[in-house]
Every structure is written in C-alpha cells, then in structure tokens.
Amino acid sequence: MAKRGVVDYIRETQVWKSIFRHGPPTNARNRAAVVAGNVFLHLHPIKLKKSGVQLGYTWCMGGLTFFIFLALTVTGVLLMFYYRPTAEYAYNDIIALKEHVPLGIMREIHRWGAHAMVITVWLHMFRVFMTGSYKPPREFNWGVGVILLVLTLLLSFTGYLLPWDQLAIWAIAVGSNMAKATPFLGHGGPGAALAQIGDFVMVSDKNDVRFQLLAGRFVGEPALLRFYILHCVFIPLVVGVLIAVHFWRVRKDGGISAPL
Amino acid sequence: MSDDVKKQLNRREFFSFVTVGWVAFTSAVAGFLTLIFRYTYPNVNFEPEMDFVAGRPNDYEEGVDERWKNGYGVWIVKMEGRLFALSNICTHLGCVPNWLPAELKFKCPCHGSGYYQNGINFEGPAPRPLERYKISLNAEGKIIVDKTKIYRYEKGQWDNPQSYLKV
C-alpha cells in the first residue's frame, strides 16, 4: 500500500471535493472531465492540436487581447472608485488619480492598455487574415471579430471624453460630428433634406442620431455621463458576451487556426 | 362530428392561435424596443435657446463682439455698415475657433483653420466660410438672433436682407 501524503489527505477532505469534482487528470477520460467541469476552462477545447498553441505560429495576439481586456476591466473598476463623471469633478478627479492616489499609475495602465489593446486586435486580425483562418467554416467568427474590433474602437472613443480636458472635448466634438453626416439619421447627412414637410423639419439637430449620442446639441455634461455609461457598462457587457461567443466558436470550428 | 372530437383543436384553429400569439409577442417586443429607443431622447433640453435678444445695435462697436460667444455660440460683428451674427462653429469639423484681435482673424485650435473678420476662410482645412444666423429687430428696437435660420456665403445668402442689419 502506497504511502499517503498531505496532498492525498487534502484531496480527500470535503472542502476539496466540494470544489473539484474529478480526480487528478491521469487518464484520458479524467483529463477531459477536468477541463469540461471547470468554468474557467470549459470554453477551451478538451483536446487541441499542438500547432494551435505554439507561440511562433499564432503570436497569441487574440489571447493577449483578452488578457489586456481583463487588465483594463480590473484597472477600470479601480478607477471608478475615484472618478466622478460630472463637469465639475471629472477633470480634477483625473488629476487626483495621478497626484493624490496611491498607485496612481493605475490610470496610466488603463490608458496604455487601451492603446495596446487596439494594436493587438489589429495584429490578431492580421495574423488571422494572413493564415487564412477567416475561411469557412470560420467565417462567422471573423464576422464576430469585426464587430469586436468596432466595439474596441468605440471603447477607446468613449473613454477619450472622460478626462474632460480640451483634447477630449474637441476630439469628441469632431468625432460626434461624423454622426451628423449619417444618411437619413443625421441632420447634415444625405437624405435629411428630403425628410422635410413644408417648414416642418423631421431630422434636425434636436432629434438626430448625434443628439441621441450626446443627449444634446453640444458636448456637455449629459454627453459626459452618457459616454461614461457606454464606456464602463454598456459596451463592455456587449464585448463580454461576444468574446464568449468568439471563444466558443473557436472551439466549435476546430481550434485556433490549424487546417481542419 | 361527435362532442369528443370537437374538444380538440383542428389544424386550422391551432395555427390561428399560434399566429395570434406571434403577433402579440412581436408587437410587445417592438413596443418595448420603441420605448427603449425613445428613452434615449430626453424630454427637456437644458441647453441655451436657439434664439435670444442681443441688446441694441448701438451697443456694439466696430469689429467683433464676443459677449454672446460662451452663452450662445455667436459673434456679433459690425463692419462695412452691416451688423451680422456669425456662427462660432468651425466648418471643418465643428470645433470652436478663437478670435485673435491682434491678427484680426478667427483661428481654430483643432486643425488651424483661419477666417477673416467677415467669416471667410483663408487658411487651414476649413472648406467654406463660417455660417451666419438670422438677425432682426423686434418692436422695441432690440436685436433678435435666430440660430435656426442659417445663411451661407457659398450659396450667395449673405446678401439676404435677413442675414444682416444696416447700421
């Protein structure tokens, strides 16, 4: 009879068994069960090809993007403890995050992380394109990825307003003016002039898509609050759901990029 | 047809129930989404009004007056016997230019568009001159600026009698 160590003792306690349903992954069946029964691993394939996870082949840019997204979520939640999205406080709170808060580098990590995430998303798409990994049956996941790219850029865009300095306000003024040119939905766009009955203007600066985005005609406090909610809650939620779909599809479509 | 059979739905009745159900469900979802959409448009707008009373023509000296810039986004300019209300929105991408009295020009901080005192663009990426707003006198002889009416130089509208006051 083999000698029983401390590890074996811990593995037989009720606490351990209540957390881990399966024994050590010593055989093929248990290896699959351990992965499938773990909430953090069950989006991963139970078995994958060695070539699919070699760093030289894929660069792991999608994985790095996900890691940066998690880092941005953590630092972003920490920033929310100090930041108040009002015209009176927003600018000073950003300064305070650097000057008055221990580990004030958190804000810099968040900002640099945002830049890094945009870069890794592009590199990830570049690798997917160059290896032909967008081709059937993975074309749906490419579509999901394109939406995730747009949402990544929108996250960067909405976060740009929050420091509430001159750069932010005018950047969003310029950016939101693009919405003014949306066909039929923006008051400066093609088709807006058609939506006019006599003197009654149906698409004006008081009801077009830009007004909806800014909650006003100018970049003001309502716009700051709206961008804050979009940046911290709305878009991250959508991104989180789509990331789950993205990863699940990677598994269903035969791994990361290897030939099927 | 016996009573036992009549207690069950036939195929046609079953589908009519399904249709009613789907119509009700679809309209409920559509109505809910409409409400959500409408929710994003606030009922009350606390921004400045689009028209305002801007004193009397005699209150203004020759040149550019900046007193209404912060509140209403308008420069009142008096030059060449005319008084007009100039928009402070850059025609390039919508930033707010600054009036530089020493250089007698409007200069946009975003991308460097420059405008003469009369609003004509002469440098930077701005594609067209600044817009002018409708300006008129009320019964008391006070100036009314109406920002909902826009007069554009490139459309030849600056000679429209509603776009300026003779002084």
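Each remark here, short or long, concerns the structure printed above.
Basis of the calculations
Residues numbered from 1 in each chain as written. Chains lettered and ligands numbered in written order. Predicted model: local features only at pLDDT ≥ 70, side-chain atom pairs only at ≥ 80, totals over all residues. Heavy atoms only, no water. Pairing = 2+ DSSP bridges. Helix = DSSP H or I, 4+ residues; strand = E, 2+ residues; numbered from the N terminus. Core = buried A, V, L, I, M, F, W, Y, C linked by side-chain atoms within 4.5 Å. Buried < 20%, exposed > 50% of the residue type's maximum accessible area, 1.4 Å probe, protein only. Contact = heavy atoms within 4.5 Å. Phe/Tyr/Trp six-rings, centres within 6.5 Å; stacked < 30°, edge-to-face > 60°. Lys NZ or Arg CZ within 6 Å of the ring centre and 35° of its normal.

### A look at the pairing of strand β10 (residues 143-151) of chain B
Residue and element names in this part refer to chain B.
So, point 1. Note: strand β1 (residues 51-53) against β10, three bridges, orientation antiparallel. When the sheet's bridge partners are listed, D51 is paired in β10 with D146.
So, point 2. Looking at chain direction, strand β9 (residues 132-137) and β10 are connected through six bridges and run antiparallel. Considered in β10, the bridge of R132 is made with Y151.

### As for the nonpolar core
So, point 1. Among the nonpolar cores identified, the biggest contains 38 residues, and L161 and V219 of chain A together with W75 and F106 of chain B are the most heavily contacted of them.
So, point 2. At the level of secondary structure, the elements contributing two or more residues to this core comprise α6 (90-99), α9 (166-180) and α11 (221-252) of chain A together with β3 (74-79) and β4 (82-87) of chain B.
So, point 3. A total of six residues in this core trace back to one element, the largest contributor, which is α9 of chain A.
So, point 4. Those residues within four positions of F106 of chain B in sequence are excluded, and the remaining contacts are V64, W75, L86, P97, N98, W99, S113, G114, Y115, Y116, Q117 and L130 of chain B.

### Remarks on the packing of aromatic side chains
So, point 1. The tally for this structure, following the rule as stated, stands at 18 aromatic pairs over all chains.
So, point 2. With a centroid separation of 6.2 Å and an interplanar angle of 25°, the aromatic rings of W59 of chain A and F126 of chain A are classed as stacked. Of this pair, W59 of chain A sits in the loop between α4 (55-58) and α5 (61-80) while F126 of chain A is found in helix α7 (residues 105-130), placing the two residues 67 residues apart along the sequence.
So, point 3. Here F126 of chain A falls in the partly exposed class, since its relative accessible area comes to 43%.
So, point 4. Ring centres of F14 of chain B and F15 of chain B lie 5.4 Å apart, and the angle between their planes is 75°; this geometry places the pair in the edge-to-face category.
So, point 5. Judged by its relative accessible area of 41%, F15 of chain B is partly exposed.
So, point 6. Put simply, the rings of F129, Y134 and W142 of chain A touch in pairs and so form one group of aromatic residues.
So, point 7. One cation-aromatic arrangement involves R84 of chain A over Y89 of chain A; the distance from NZ or CZ to the ring centre is 3.8 Å.
So, point 8. R132 of chain B extends its terminal NZ or CZ atom over the ring of F84 of chain B, reaching a point 3.5 Å from the ring centre.

Nothing here speaks to function; it is all geometry.
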